[in-house]
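Tertiary structure, described
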Amino acid sequence: MNGVCTIVLWLPSRLFSDQSGDYPMKLVTKLAWFAAAALILAPAAHANTYEDRLAELRSKFKASDKNKDGKLTLQEAKEGGMSRIAANFSRVDADNDGYVTLAQLEAQLAARFK
Ligand SMILES: [Ca+2]
């Protein structure tokens, strides 16, 4: 969070001290900085709490479980964009039965937040 705080404090001073260039150029510069700030701040503001991560996990699982059997295979994880689960599939699938359930993933998420 230190980097974010630095940008939050630094950005306004950068915006209002920039006296170079004509007005349209300054506006473009300001818009670019706001866009950059939004890009930097958005991920930090998103999915930080356990509740957010749980909601995200549930919606991603639902979207990735193509055949709606409540089991996520490695293929489904890959195709559904759950790349972190796909990359660690053998570890996530602790009982090594070829799929993970939402309950398994929820338990692991909860363990990470303890
Ligand atoms: Ca499935």
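Residues numbered from 1 in each chain as written. Predicted model: local features only at pLDDT ≥ 70, side-chain atom pairs only at ≥ 80, totals over all residues.

A few words now on the overall build of the protein chain. Across its full length, the protein chain holds seven helices and two strands. Ordering the α and β elements of the protein chain from the N terminus gives α-α-α-β-α-α-α-β-α. Expressed as a percentage of contacts within the protein chain between residues at least 6 apart in sequence, the contacts between residues at least 24 apart total 43%. (Helix = DSSP H or I, 4+ residues; strand = E, 2+ residues; numbered from the N terminus. Contact = placed C-beta atoms within 7 Å.)

Core analysis: the biggest nonpolar cluster contains eight residues, these being Phe 61, Leu 72, Ala 77, Met 82, Ile 85, Phe 89, Val 100 and Leu 105. Every residue in contact with Ala 77, bar those within four places of it in the chain, is listed here: Ser 64, Leu 72, Met 82, Ile 85, Ala 86 and Phe 89. (Core = buried A, V, L, I, M, F, W, Y, C linked by C-beta atoms within 7 Å. Buried ≥ 20, exposed ≤ 12 C-beta atoms within 10 Å, placed from the backbone.)

Positioned with a positive phi, Lys 68 is a non-glycine residue whose angle comes to about 55°. Within the element layout of this structure, Lys 68 appears in the loop between α3 (50–64) and β1 (71–73). Take Lys 68: there are 7 C-beta atoms within 10 Å of it, and that puts it in the exposed class. Here Asn 96, not a glycine, exhibits a phi torsion of approximately 55°, which is positive. Position of Asn 96 among the secondary structure elements: in the loop between α6 (89–92) and β2 (99–101).

Turning to the packing of α3 against helix α7 (residues 102–112), a few remarks are in order. Taken N-terminus to C-terminus, the directions of α3 and α7 make an angle of 160°; their axes are 11 Å apart at the nearest point. Taken together, α3 and α7 sit at an angle that is classed as roughly antiparallel. Considering only the axes of α3 and α7, their crossing is right-handed. Every residue of α7 that contacts α3 at Arg 53, Leu 54, Leu 57, Arg 58 and Phe 61 is listed here: Leu 102, Leu 105, Glu 106 and Leu 109. (Axes fitted to C-alpha atoms, helices over the stretch in contact; angles between N-to-C directions. Parallel < 35°, antiparallel > 145°, perpendicular 65-115°, else oblique. Left-handed = near helix turned anticlockwise from the far one by under 90°.)

Structurally, Asp 65 can be placed in the loop between α3 and β1. Exposure remark for Asp 65: the 19 C-beta atoms within 10 Å place this residue in the partly exposed category. Spatially, the C-alpha atoms of Asp 65 and Gly 80 are 7.7 Å apart, while their sequence positions differ by 15 residues. In this view, Asp 65 contacts Gly 70, Leu 72 and Glu 76; residues no more than four positions away in its chain are not counted.

We now examine the confidence of the model for the protein chain. Interpretation of the predicted coordinates at a detailed level should be avoided for regions scoring low in pLDDT. Overall, the predicted model of the protein chain reaches an average pLDDT of 83, with 71% of residues at or above 70. Mean pLDDT values for the elements of the protein chain range from 60 in helix α1 (residues 2–17) up to 98 in β1. (pLDDT = per-residue confidence, 0-100.)

By the element assignment, Val 92 lies in helix α6. Sequence separation of Val 92 and Gln 108 is 16 residues, and the distance between their C-alpha atoms is 8.1 Å. Once residues lying within four places of it in the same chain are set aside, the contact partners of Val 92 are Ile 85, Val 100 and Gln 108.

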